[in-house]
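Now for the letters of each chain:
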Amino acid sequence: MKEPVKPVSAEKITDDIRSYVNMRIASAKLAMVEGLSKVSGNAVRILVFLLLCMLAFIAFAFALGAWIAAEIGSVAIAALLVGIILVILALIVFAFRGLFINPMVGMFSEMFFKPRKHDHHEDE
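A. Structural view of the overall build of the chain. On a plain count of helices and strands, the chain comes out with 3 helices and 0 strands. Going from N to C terminus, the chain has its helices and strands arranged as α-α-α. In the chain, buried positions account for 9% of the 124 residues. Taking contacts inside the chain between residues at least 6 apart in sequence as the whole, the part at least 24 apart equals 58%. Carbon together with sulfur atoms contributes 74% to the accessible area of the chain, which is approximately 10,700 Å² in total.

B. Examining helix 2 (residues 75-95) more closely. Taking 1.5 Å of rise per residue, the 21 residues of helix 2 would be expected to cover 30 Å, and the 30 Å separating its terminal C-alpha atoms lies within 8% of that figure. With a side-chain oxygen lying 3.3 Å from the backbone nitrogen of isoleucine 77, the N-terminal cap of helix 2 falls on serine 74.

C. Expanded view of the packing of helix 1 (residues 10-72) against helix 2. Contact geometry for helix 1 and helix 2: axes closest at 8 Å, N-to-C directions at 140°. Overall, the two elements helix 1 and helix 2 adopt an arrangement that is oblique. Crossing of helix 1 over helix 2 shows right-handed handedness. Every residue of helix 2 that contacts helix 1 at Phe57, Ala61, Leu64, Gly65, Ile68, Ala69 and Ile72 is listed here: Val75, Ile77, Ala78, Leu81, Val82, Ile85, Leu86 and Leu89. Across the contact of helix 1 with helix 2, the residue classes break down as 14 nonpolar, 1 polar and no charged.

Cut-off values and rules
- Residues numbered from 1 in each chain as written.
- Predicted model: local features only at pLDDT ≥ 70, side-chain atom pairs only at ≥ 80, totals over all residues.
- Heavy atoms only, no water.
- Helix = DSSP H or I, 4+ residues; strand = E, 2+ residues; numbered from the N terminus.
- Buried < 20%, exposed > 50% of the residue type's maximum accessible area, 1.4 Å probe, protein only.
- Contact = heavy atoms within 4.5 Å.
- Areas by Shrake-Rupley, 256 points an atom, 1.4 Å probe, with all protein chains shown as cover.
- Expected span 1.5 Å × (residues − 1).
- Polar contact = N/O pair within 3.5 Å; in protein donor to acceptor, adjacent residues only side chain to side chain.
- Axes fitted to C-alpha atoms, helices over the stretch in contact; angles between N-to-C directions.
- Parallel < 35°, antiparallel > 145°, perpendicular 65-115°, else oblique.
- Left-handed = near helix turned anticlockwise from the far one by under 90°.
- Nonpolar A, V, L, I, M, F, W, Y, C, P; charged D, E, K, R; others polar.

Structure (structure tokens):
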């Protein structure tokens, strides 16, 4: 024979609901910390990469200016030519900025909205 089902008190249900809500809040906090750590880690990685690229670019621009000055004999005209080249490169990067922005949006949205293995709940 089956044992009769005992009624659950309202206090027990309230405690269970409170416990469940607290666990979900803790889970949301952990997910936020995980997302922020990924974003900050990637941001630092990107900033270091950009800083190194900028340093290399500056060194290249000075070398190009020195080479052009040696070839034509005028530092002022060499600086002007390097400036013009840099403006043209900036316009090209600006024209194709979608190639840089769209992958970043995808990367950040994947970091925040990609389901994690430990997010699967049996009740969902």
